[in-house]
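The residues making up each chain are set out below.
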Amino acid sequence: MNIKEIKLRIEELRKILEKANADYYEKDMPTITDSEYDQYMKELLQLEKDNPELISQDSPTKIVGGKVSEKFHSYRHRYPLLSLGNAFSYEDLRTFDNRVKKALNKADVEYIAELKIDGLSIALIFKDGLLIVGATRGDGDSGENVTHNILKVEDIPKTIDVAGEFEVRGEVFMDNKTFDDLNETRLNEGLPLFRNPRNGAAGSIRQLNSDVTRERHLKSFIYEITYSNVLDYKKQSDAIKLLNNNGFNTNERFVLGNIEDIIEFCEKLVVERNNLEYGIDGVVVKVNSLADQIEMGYTEKSPRWAIAFKFPPEQKETIVENITISVGRTGVLTPMAELKETLIGGSMVKRATLHNEDYILEKDIRVGDTIVLQKAGDVIPEVVRVIVEKRPYYSEVFKFPVVCPVCGSEVIKLDASIKCTGELYCPAQLIKGLIHFVSRDAMNIDGLGEKYIEYFVKEGLISTPVDIYKLTKDDISVLEGLGEKSANNIIEAIETSKTRGLGPLIYGFGIPLIGNKGAKILAKNFKTVDRLMAATSEELLAIETVGDKMADSLLTFFKEKRNLEIITDLKYLGIVMEDDTKNLSEDLVGKTFVITGSFPGYDRKELTNLVELHGGKASSSVSKKTSFVLAGNEPGSKLTKARELGVDVIEIKEFLKKIGERQVEDGYNN
Ligand SMILES: [Zn+2]
């Protein structure tokens, strides 16, 4: 073959293999046999090897590893991915140092400090040089098999020169520039923005279309050799070198030294971290010697020889461009600082809540002020202080409005919060209340979202939930932008919602403190809205999940005449007000449970919720009336008592089987 023919053959082979990959990975429909695939691959590899000038970065030889049988399934890690203990101060690092020295009985210990990349932890498994699995950290024991997407991360080698089984771990991340570009594109396309580069990376890896992953230009830093049959090294710093020599991208910004050297490194990074091209959220400090690591070993949760130094919350200066007031569903006026947009703590921030009037006055925050903004991890950004020296000469003390900015009603001050007195007339409360009423977990009226609620309210079509059920096709189809077809769809969805059942309806009322789960439990226990409305404080409090405040909130709501009118009207219009949750088992209805002992992986409170969600009653003491005792580890005297009284004792497994664990999960997510 001359060079032209070789080129043509290479192109042909690449096309065949790319198609085979697409058929296999994306369409899940293999079109050639494995041995054919291997033959084409072998031929292409040989041609590329003989003609290195024709190698291309997106050749299938570069992007394809072994064929994995699972696509987006769970992957059980051979060794769990542990988390690290945290150090929040340099003192914590010195304490760690003392602990290490004592355990190893050494006066000097060499540490390695590596950047803690703010990305997505991954494990890469190779077999005889081929990448066969890429998996996320997941819960540490099992992650998600995301091999098809890992294959599209350019800097991860798909073939390496290491024999046998080989696993490495590292971090996949999105650099700041890519993140900004991605969000700008998404903004133009009207798509929701990623909150921070870490979400961007996670969202790109944990999705099904691997073409998208390729477009996201993710990068990786690999920092750990988890196991290898052939590679030998004595120090973590050597492991990084080995990884780098074998084609992995490694982060070279690490230092070796004693704890004071490490602290100096941390101090430097606290200042410099904003100048890096990627986000970091700390520094990982490890004992460098592998033998020492092995000697120290692990606790149940983390290695004893490593610790993560966490940066103090990031602070940044920005400008308060305006202070706006939003009126919540409950009528509370909340001031927001509209800020000059700034990247802080890994995400773009342009607003910060100012909580209430007192908060603003105390800090004397004014429009035009330069402020210090702080953000720690996923915590919401907060204003630390005003830099008074930078205050413009014309600034004025902020005056909190005396009327609701939405409806013009007077406001009243209750404790620290200021409330609109417009109650059911205030469109802010009304619109949000109605949006909540039709939302997915409430009445789930598809097609009647935020946009239409606002529109219909503006057009004077609806002002209470009752009006929704009085809507006719003609009311809707005459509106601009809505035709017969949309009108039909909306009316149909409204009709369907009538049978949503009691739980979603209660939730839809938007009673303060009554969430989705609480509403379900109430529905299950009271069965009809009438019984719930008639419930006394004692009856409400008899439900373990219901506390004083929840009970008060319910009683107040059902005392309000206007609310009762709405409920009566809804009933008249045919809305089902009984509990008919068929997906939950009925086995526990009327039964009394006593839960005792501990249940690894389950919260006691959660189990109580489950019992009540399924119509049972949770009680704290065993008596003859007890139907079952649910016994966990170290159950104690309650179990003894149950045995004495001849009460049935069941274990968690049996309990979950009784209620159908799968259904429970559904029940929670709905
Ligand atoms: Zn108002």
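Definitions and cut-offs
Residues numbered from 1 in each chain as written. Predicted model: local features only at pLDDT ≥ 70, side-chain atom pairs only at ≥ 80, totals over all residues. Heavy atoms only, no water. Helix = DSSP H or I, 4+ residues; strand = E, 2+ residues; numbered from the N terminus. Pairing = 2+ DSSP bridges. Axes fitted to C-alpha atoms, helices over the stretch in contact; angles between N-to-C directions. Contact = heavy atoms within 4.5 Å. Buried < 20%, exposed > 50% of the residue type's maximum accessible area, 1.4 Å probe, protein only. Left-handed = near helix turned anticlockwise from the far one by under 90°. Nonpolar A, V, L, I, M, F, W, Y, C, P; charged D, E, K, R; others polar. Domains from an automatic or database assignment. Phe/Tyr/Trp six-rings, centres within 6.5 Å; stacked < 30°, edge-to-face > 60°. Lys NZ or Arg CZ within 6 Å of the ring centre and 35° of its normal. Core = buried A, V, L, I, M, F, W, Y, C linked by side-chain atoms within 4.5 Å. Expected span 1.5 Å × (residues − 1). Arc of directions from axis to C-beta. Polar contact = N/O pair within 3.5 Å; in protein donor to acceptor, adjacent residues only side chain to side chain. Parallel < 35°, antiparallel > 145°, perpendicular 65-115°, else oblique. Salt bridge = Lys/Arg side-chain N within 4 Å of Asp/Glu carboxyl O.

### Considering unusual backbone geometry
Logical step 1: One non-glycine residue, His-217, lies in positive phi territory at about 50 degrees.
Logical step 2: Looking at where His-217 falls in the secondary structure, it is placed in the loop between helix H8 (210-215) and strand E8 (219-228).
Logical step 3: Unusually for a residue other than glycine, Lys-527 sits at a positive phi of about 70 degrees.
Logical step 4: Along the chain, Lys-527 turns up in the loop between helix H19 (516-526) and helix H20 (529-534).

### With respect to the sheet that holds strand E2 (residues 85-87)
Logical step 1: As summarised here, the arrangement of the five strands in space is E2-E11-E10-E3-E9, forming an open sheet in which the pairing is mixed. Each end of this open sheet is capped by a strand with a single partner; those strands are E2 and strand E9 (255-257). Strand-to-strand twist of the sheet, defined as the mean angle between neighbouring strand axes without regard to direction, takes the value 30 degrees.
Logical step 2: Sheet strands in contact with helix H4 (residues 90-104) are E2, strand E3 (111-117), strand E10 (280-287) and strand E11 (306-310), and its direction is about 175 degrees off that of E11.
Logical step 3: Helix-sheet contacts for helix H9 (residues 236-245) involve E3, E9 and E10, and the interaxial angle to E3 is about 50 degrees.

### Side note on the pairing of strand E15 (residues 370-375)
Logical step 1: The buried count for E15 comes to six of six residues, which makes it a mostly enclosed element.
Logical step 2: Going residue by residue along E15, you find Thr-370, Val-372 and Gln-374 tucked away on one face and Ile-371, Leu-373 and Lys-375 tucked away on the opposite face as well.
Logical step 3: Relative to E15, strand E12 (residues 314-327) runs antiparallel, the two sharing six bridges. Directly across from Gln-315, in E15, lies its bridge partner Gln-374.

### Structural notes on the pairing of strand E4 (residues 120-127)
Logical step 1: Most of E4 sits out of view: seven of its eight residues are buried.
Logical step 2: Across eight bridges, the pairing between E4 and strand E7 (residues 165-173) is antiparallel. Across the sheet, residue Ser-121 finds its bridge partner in E7, namely Glu-171.
Logical step 3: As judged from the six bridges shared by E4 and strand E5 (residues 130-136), these two strands associate in the antiparallel manner. Bridge pairing in E5 links Lys-127 to Leu-130.
Logical step 4: Between E4 and E5, which follow one another and run antiparallel, lie two residues, and Asp-128 among them has a positive phi close to 45 degrees.

### Observations regarding the packing of helix H24 (residues 604-613) against helix H26 (residues 652-659)
Logical step 1: Where H24 contacts H26, the axes come no closer than 11 Å and their chain directions differ by 35 degrees. Helix-helix and strand crossings are classified by hand; for H24 and H26 the assignment is left-handed. Along its contact with H24, which presents Leu-607, Leu-610 and Val-611, the element H26 presents Ile-652, Phe-655, Leu-656 and Ile-659.
Logical step 2: Of the residues belonging to the contact of H24 with H26, the class tally is seven nonpolar, no polar and no charged.

### What about the environment of Ile-494?
Logical step 1: Within the secondary structure, Ile-494 sits in helix H17 (residues 484-497).
Logical step 2: Taking the C-alpha atoms as reference, Ile-494 lies 8.9 Å from Leu-471; in sequence the two are 23 residues apart.
Logical step 3: Apart from residues lying up to four places away in sequence, Ile-494 is in contact with Ile-445, Leu-448, Ile-468, Tyr-469 and Leu-471.

### Observations concerning H24
Logical step 1: Most of H24 is tucked away: seven of the ten residues are buried.
Logical step 2: Those residues of H24 lying buried are Leu-607, Thr-608, Asn-609, Leu-610, Val-611, Glu-612 and Leu-613.
Logical step 3: At the exit of H24 stands Gly-615, carrying a positive phi of roughly 90 degrees.

### A few points about the domain arrangement of the protein
Logical step 1: Each assigned domain of the protein is listed with its residue range as follows: domain 1 (3-63), domain 2 (85-310), domain 3 (314-390), domain 4 (424-497), domain 5 (502-572) and domain 6 (592-669).
Logical step 2: Placing the centre of domain 2 and that of domain 5 at their C-alpha centroids yields a distance of 49 Å.

### Focus: the packing of aromatic side chains
Logical step 1: Within this structure, the stated rule accounts for 20 aromatic pairs.
Logical step 2: Centre to centre, the rings of Tyr-393 and Tyr-394 are 5.3 Å apart; their planes meet at 85 degrees, and the pair counts as edge-to-face.
Logical step 3: Here Tyr-393 falls in the exposed class, since its relative accessible area comes to 80%.
Logical step 4: A centroid spacing of 6.4 Å and a plane angle of 85 degrees characterise the contact between Phe-437 and Tyr-469, whose relative ring orientation is edge-to-face. Here Phe-437 is found in helix H13 (residues 427-438), whereas its partner Tyr-469 is found in helix H15 (residues 465-470), with 32 residues between them in sequence.
Logical step 5: Given a relative accessible area of 8%, Tyr-469 falls into the buried group.
Logical step 6: Here Arg-78 stacks its cationic end above the ring of Tyr-227, 3.7 Å away from the centre of that ring.
Logical step 7: Above the face of the Tyr-452 ring, Lys-451 is positioned so that its terminal group lies 5.2 Å from the ring centre.

### What about the nonpolar core?
Logical step 1: Grouped together as the largest cluster of nonpolar side chains are 56 residues, with contacts concentrated most on Leu-448, Ile-453, Phe-456, Ile-468 and Leu-522.
Logical step 2: Each of two domains, domain 4 (424-497) and domain 5 (502-572), supplies a minimum of three residues to this core.

### A short note on H4
Logical step 1: Compared with the 21 Å implied by 1.5 Å per residue over 15 residues, the 21 Å span of H4 between its first and last C-alpha is a close match.
Logical step 2: Every buried residue of H4 is listed here: Leu-93, Phe-96, Asp-97, Val-100 and Leu-104. Considered in projection along H4, the buried side chains sweep an arc of 105 degrees and stay on one side of the axis.
Logical step 3: The positive-phi residue at the C-terminal boundary of H4 is Asn-105, with phi of around 55 degrees.

### Focus: the sheet that holds E7
Logical step 1: Strand order in the open sheet formed by four strands is E5-E4-E7-E8, and the pairing between neighbours is antiparallel. Whereas interior strands pair on both sides, the edge strands pair on one side only; in this sheet they are E5 and E8. Pairwise comparison of adjacent strand axes, ignoring direction, gives a mean angle of 25 degrees for this sheet.
Logical step 2: The sheet strands contacting helix H7 (residues 197-205) are E4, E5 and E7, and the helix crosses E7 at an angle near 130 degrees.
Logical step 3: Running over the sheet, H9 touches E7 and E8 and is turned about 115 degrees from E8.

### Concerning the side chain of Thr-178
Logical step 1: Counting through the fold element by element, Thr-178 comes out in helix H6 (residues 176-188).
Logical step 2: Assessed through its relative accessible area of 15%, Thr-178 is described here as buried.
Logical step 3: A polar atom in the side chain of Thr-178 sits 2.6 Å from the side chain of Asp-175.
Logical step 4: Those residues in contact with Thr-178, other than ones at most four positions away along the chain, are Arg-216 and His-217.

### A closer look at the packing of H4 against helix H10 (residues 259-272)
Logical step 1: The interhelical angle for the contact between H4 and H10, taken along N-to-C directions, is 155 degrees, at an axis separation of 10 Å. By the criterion of interaxial angle, the relationship of H4 to H10 is roughly antiparallel. In terms of crossing hand, the pair formed by H4 and H10 is right-handed. Residues Tyr-90, Leu-93, Arg-94 and Asp-97 of H4 lie in contact with H10, whose contacting residues are Ile-259, Glu-260, Ile-263, Cys-266, Glu-267 and Val-270.
Logical step 2: Its residues assigned to classes, the contact of H4 with H10 shows six nonpolar, no polar and four charged.

### Looking at the pattern of salt bridges
Logical step 1: Taken as a whole and assessed by the stated rule, the structure comprises 29 salt bridges.
Logical step 2: Between Arg-14 and Glu-48 there is a salt bridge whose closest N-O contact spans 2.9 Å. Here the residue Arg-14 occupies a position in helix H1 (residues 3-26), and Glu-48 occupies one in helix H2 (residues 34-50), the gap between them amounting to 34 residues.
Logical step 3: For Lys-527, the salt bridge goes to Asp-579, with nearest N and O atoms at 3.5 Å. Of this pair, Lys-527 sits in the loop between H19 and H20 while Asp-579 sits in the loop between helix H23 (561-572) and strand E19 (592-596); the two residues are 52 residues apart in sequence, bridging distant segments of the chain.
Logical step 4: A relative accessible area of 13% means that Asp-579 is categorised as buried.
Logical step 5: Three or more residues joined by partner-sharing salt bridges are found here, namely Asp-364, Arg-366, Asp-369 and Arg-391.

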